[in-house]
Amino acid sequence: MKILLVDDEIELVSAMAERLSLRGIDADWTDTGEKALAMAEECEYALAVLDMKMPKISGLELRRLLSGKYPTMKFIFLSGHGSEADYKAGSAEATSYLIKPIRIEDLVEKIQEATQ
Amino acid sequence: MSSTASDNLIGLRFFGKISASVSHEIKNIFAVINEAAGLVEDFTLMTEKGMPIEPERLKRVANSIQGQIQRGDAIVKNMNALAHSTDEDIQKVDLVEALSLTVSLATRMADMKQTKLELGDCDPASAIVHKFSVIQLLHGAIAIALESMAPHATLLLSLSAGDAATISISIPGQGINLKPDDALLCLAQQLNISVASNEINGGLDLTLERVD
């Protein structure tokens, strides 16, 4: 099982992928929605962890594009805001919603729950 | 400069918008530092299990933390400068400093649109104005320009000083004619700043009376 992490904060998303790999979770990462769509063409991802606010293609829009092409893919949203509007949008469209900064154990738990 | 309740609300909205953007960026910085600290913790656990750490990996994490702290420091300094721009009603304002601060405050907005802000040539110039409102006006002009721009385009801002000081905002090589909206014109009028379309480069020229 492979997962995809997408966040425009490169240092955040690369460190997160490294920490997940140390916990036995195979994670690719990228910093834009466009690159994420291209990567999903090349590799089968069981789950995508998406930042909600990204340039050009937002996390919500990326989720719609990915789930349209890959209906079994699961989603977890990350948000820096924790605003009520983000929470409602994120909760409605994803398996889970986490507010940054996150605990890696919480993310691992959410990934395991979503992919079981 | 007299202000009405409506003007105050518009100014407050601008301050709120900047505060929201800054707080979002600071949250991102915390998130990066949090992951970097988590990686160090992971490396420590690895060594406890007898797995050696490559010094380069630790150095990379340390550099990341230092870089994020510098990023956060710059953001907080800019926010502090904006907050203090409300200290006095009217004051002698260094226009290059005000323009530079506005560009810094608008950078995240530009990033989200995948565009760039570039500070071009700036002659030294000062004006007697309400600093916060000038920053609000410049930010508003930048926001109007960004709405017209395609991804990867650059917005050029410069300041020329003669008898008056003129801040020029243009999108070189794109053939885009910028038009001020009513809110921008209204604020400019209150500040005695003229806003005109530049027929040569299609940009906006904001002209103020300068003082030595």
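Residue positions are given per chain, counted from 1 along the sequence in the order it is written. Chain letters start at A and ligand numbers start at 1, both assigned in the order the entries are written. Residues qualify for local features only when their pLDDT is at least 70, as the model is predicted, and side-chain atom pairs are given and counted only at 80 or more; totals for whole chains, interfaces and linings, by contrast, use all residues. Only hydrogens and water are removed before side-chain values are computed, so all heavy atoms of the structure are retained for them.

A. Representation of helix 1 (residues 10–22) of chain A. The helix count covers DSSP runs of H or I at least four residues long, the strand count covers runs of E at least two residues long, and both are numbered beginning at the N terminus. Residue count minus one, scaled by 1.5 Å, sets the expected span of a helix. Its 13 residues give helix 1 of chain A an end-to-end C-alpha distance of 18 Å, which sits within 8% of 18 Å, the value for a rise of 1.5 Å per residue. The complete set of buried residues in helix 1 of chain A reads Leu12(A), Val13(A), Ala15(A), Met16(A), Ala17(A), Glu18(A), Arg19(A) and Leu20(A). It only takes one pair of heavy atoms within 4.5 Å for two residues to be counted as in contact. In this fold, the buried residues of helix 1 of chain A make contact with strand 1 (2–6), strand 2 (26–30), strand 4 (74–79) and helix 5 (104–115) of chain A together with helix 1 (5–48) and helix 2 (55–84) of chain B. Only protein chains enter the accessibility calculation, which uses a 1.4 Å probe; a residue is then buried when its area is under 20% of its type maximum, exposed when over 50%, and partly exposed in between.

B. Representation of the sheet that holds strand 7 (residues 204–209) of chain B within the structure. Residues and elements named next belong to chain B. The strand order across the open sheet built from five strands is 2-4-5-7-6, with neighbouring strands paired in mixed fashion. Only two strands of the sheet have a single partner each, and these edge strands are strand 2 (116–122) and strand 6 (194–197). If you compare each strand with its neighbour and ignore which way they point, the axes differ by 20° on average. Two strands form a pair only when DSSP identifies at least two bridges running between them. Here strand 2 runs beside strand 4 (residues 154–161); their pairing, made up of five bridges, is parallel. Of the residues in strand 4, the one forming a bridge with Cys122 is Leu159. With axes taken as lines fitted to C-alpha atoms, and helix axes fitted only over the stretch in contact, angles between N-to-C directions fall between 0 and 180 degrees.

C. Seen up close, the domain arrangement of chain B. Residue and element names in this part refer to chain B. Domain limits in this description derive from either an automatic procedure or a database domain assignment. We note that the domain assignment places domain 1 (3–84) and domain 2 (91–209) within chain B. A C-alpha centroid distance of 28 Å is found between domain 1 and domain 2. Contacts between the two partners involve 14 residues from domain 1 and, on the opposite side, 10 residues from domain 2. A 1.4 Å probe defines the accessible area here, and the buried area is the portion of it lost by two parts on being joined, summed over both. With both chains or domains summed, domain 1 and domain 2 bury close to 1200 Å², and 67% of this area falls on carbon and sulfur atoms. A pairing counts as a salt bridge when a side-chain nitrogen of Lys or Arg comes within 4 Å of a carboxyl oxygen of Asp or Glu. Counting the contacts that link domain 1 with domain 2 gives zero salt bridges. Contacts described as polar in this section are N or O atom pairs within 3.5 Å, which, within protein, must combine one atom able to donate a hydrogen with one able to accept it, while residues neighboring in sequence count only if both atoms come from side chains. Across the contact surface, domain 1 and domain 2 share one residue pair in polar contact (both at pLDDT 80 or more). Where the side of domain 1 that touches domain 2 is concerned, the elements lending two or more residues are helix 1 and helix 2. Here the side of domain 1 that touches domain 2 is composed, by residue class, of six nonpolar, five polar and three charged. For this classification, Asp, Glu, Lys and Arg are treated as charged, while Ala, Val, Leu, Ile, Met, Phe, Trp, Tyr, Cys and Pro are nonpolar and the rest, including Gly, are polar.

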